[in-house]
Amino acid sequence: MAQQIRTFGDPVLKTQAAQVTDIDGKIARLVDDMFDTLYTSESGIGLAAPQIGVQKQIFVWDMDDQPMVIFNPEIVEARGEWVYDEGCLSIPGLYVEMMRPNEVLMRGVDLDGNTIEIEASELAGRLFQHEIDHLNGVLMFDRMQPEQRKEALAEYRRLRDAAAAPPPRRRLRLS
Ligand code: QAP
Ligand code: CO
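For the structure given in this document, a descriptive report is provided here. (Residues numbered from 1 in each chain as written. Chains lettered and ligands numbered in written order. Predicted model: local features only at pLDDT ≥ 70, side-chain atom pairs only at ≥ 80, totals over all residues. Heavy atoms only, no water.)

### Side note on the coordination of the cobalt ion (ligand 2)
Looking at the cobalt ion (ligand 2), the protein donor atoms are C88 (SG), H130 (NE2) and H134 (NE2), and they sit 2.0 to 2.2 Å from it. One chain supplies every donor for the cobalt ion (ligand 2), spaced along it as C-x41-H-x3-H. In this pair, H130 and H134 both sit in helix α2 (residues 122–135), 4 residues apart, roughly one turn of the helix. The exposure class of H130 is buried, given its relative accessible area of 8%. For H134, a relative accessible area of 1% puts it in the buried group. (Donors = N, O, S within 2.8 Å, 3.2 Å for Na, K, Ca; no water. Helix = DSSP H or I, 4+ residues; strand = E, 2+ residues; numbered from the N terminus. Buried < 20%, exposed > 50% of the residue type's maximum accessible area, 1.4 Å probe, protein only.)

Below you can see the structure in the form of structure tokens.
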């Protein structure tokens, strides 16, 4: 079942997620919920367990109609630099140019419990770094310089408040 996506300000997004020790039926159902939530979202390509309130080291992604999941992921090598307009389902509407390493090597565990390594650059490399940040309680704001953070926070608050505002009142008069 699709779960509610936790947004910036929710304390769960700032916590360190715990390692997954056994991949049982309960974990499989959680992964299903994460995919349901990802596919129910508008244009999401990656989702980490803390974003649905679960403090476990899991993230799912789907960049080209290929559902993927990884447990206990870590970046073991990173090189280069790449600037990208990064977004996050937990910070809806905000996209911020961020510099991060371009090419990464990610190591983790798949659904069968096997250790896997995935090499990626550009969009996929960015996704892996972004989602692993979630598992460590790190959000985009935490990676910004003070100036950029101030500006981005102000912009996000504007977006959020505008989205939460009640619709304008309209009255229909008898003619
Ligand atoms: C993480 O991000 C990511 O603001 C996944 O209104 C970041 O799926 C992957 C989204 C950078 C690659 C590069 C964001 C959807 C989705 C929003 C997402 C929004 C609707 C973000
Ligand atoms: Co995110």
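### Side note on unusual backbone geometry
Backbone geometry places S43, a non-glycine residue, at a positive phi of 65 degrees. Mapped onto the fold, S43 is located in the loop between α1 (25–40) and β1 (46–48). Using a relative accessible area of 64% as the deciding quantity, one classes S43 as exposed. The phi angle at D65 is positive, at roughly 55 degrees, despite the residue not being glycine. Inspection of the secondary structure assignment puts D65 in the loop between β2 (58–61) and β3 (68–79). Residue classification places D65 among the exposed residues on the basis of a relative accessible area of 75%.

### Some points on the sheet that holds β1
With respect to topology, 5 strands assemble into an open sheet ordered β1-β2-β3-β6-β7, the strand pairing being antiparallel. Sheet topology places β1 and β7 (115–120) at the edges, where each strand pairs with a single neighbour. Strand after strand, the sheet turns through a mean of 40 degrees between neighbouring axes, direction not considered. Direction of pairing for strand β6 (residues 103–109) relative to β7: antiparallel, over a ladder of 6 bridges. (Pairing = 2+ DSSP bridges. Axes fitted to C-alpha atoms, helices over the stretch in contact; angles between N-to-C directions.)

### Section: the side chain of T37
With respect to the helices and strands, the residue T37 is situated in helix α1. By relative accessible area, which is 2% here, T37 ends up buried. Leaving out residues up to four positions away in the same chain, T37 has contacts with M1, A2, Q3, I5, L47 and I52. (Contact = heavy atoms within 4.5 Å.)

### Quick look at the packing of aromatic side chains
The final tally for this structure, using the stated rule, is 8 aromatic pairs. The interplanar angle of 80 degrees and the centroid separation of 5.9 Å between the aromatic rings of F8 and Y156 together place this pair among those described as edge-to-face. Here Y156 lies in helix α3 (residues 146–164) and F8 lies in the segment before α1, a separation of 148 residues in the sequence. Given a relative accessible area of 26%, F8 falls into the partly exposed group. Residues F59 and W61 carry aromatic rings whose centres are separated by 5.2 Å and whose planes lie at 45 degrees to one another, so their mutual orientation is tilted. With a relative accessible area of 6%, W61 lands in the buried category. An aromatic cluster is present here, built from F8, F141 and Y156 joined pairwise through their rings. (Phe/Tyr/Trp six-rings, centres within 6.5 Å; stacked < 30°, edge-to-face > 60°.)

### What about the site of ligand 1?
By nearness alone, 20 residues border ligand 1, and E42, I45, G87, G93 and Y95 come closest of all. Here an oxygen atom of ligand 1 sits 3.5 Å away from a polar atom, N or O, in the side chain of Y95. In isolation ligand 1 exposes 500 Å². Once the protein is present, 90% of that is buried. Looking at the shell around ligand 1, the elements that each hand over two or more residues are β4 (82–86) and α2. With 5 residues, α2 is the largest single contributor of residues to the shell around ligand 1. Considering only residue class, the shell around ligand 1 consists of 10 nonpolar, 6 polar and 4 charged. (Near = heavy atom within 4 Å. Polar contact = N/O pair within 3.5 Å; in protein donor to acceptor, adjacent residues only side chain to side chain. Areas by Shrake-Rupley, 256 points an atom, 1.4 Å probe, with all protein chains shown as cover. Nonpolar A, V, L, I, M, F, W, Y, C, P; charged D, E, K, R; others polar.)

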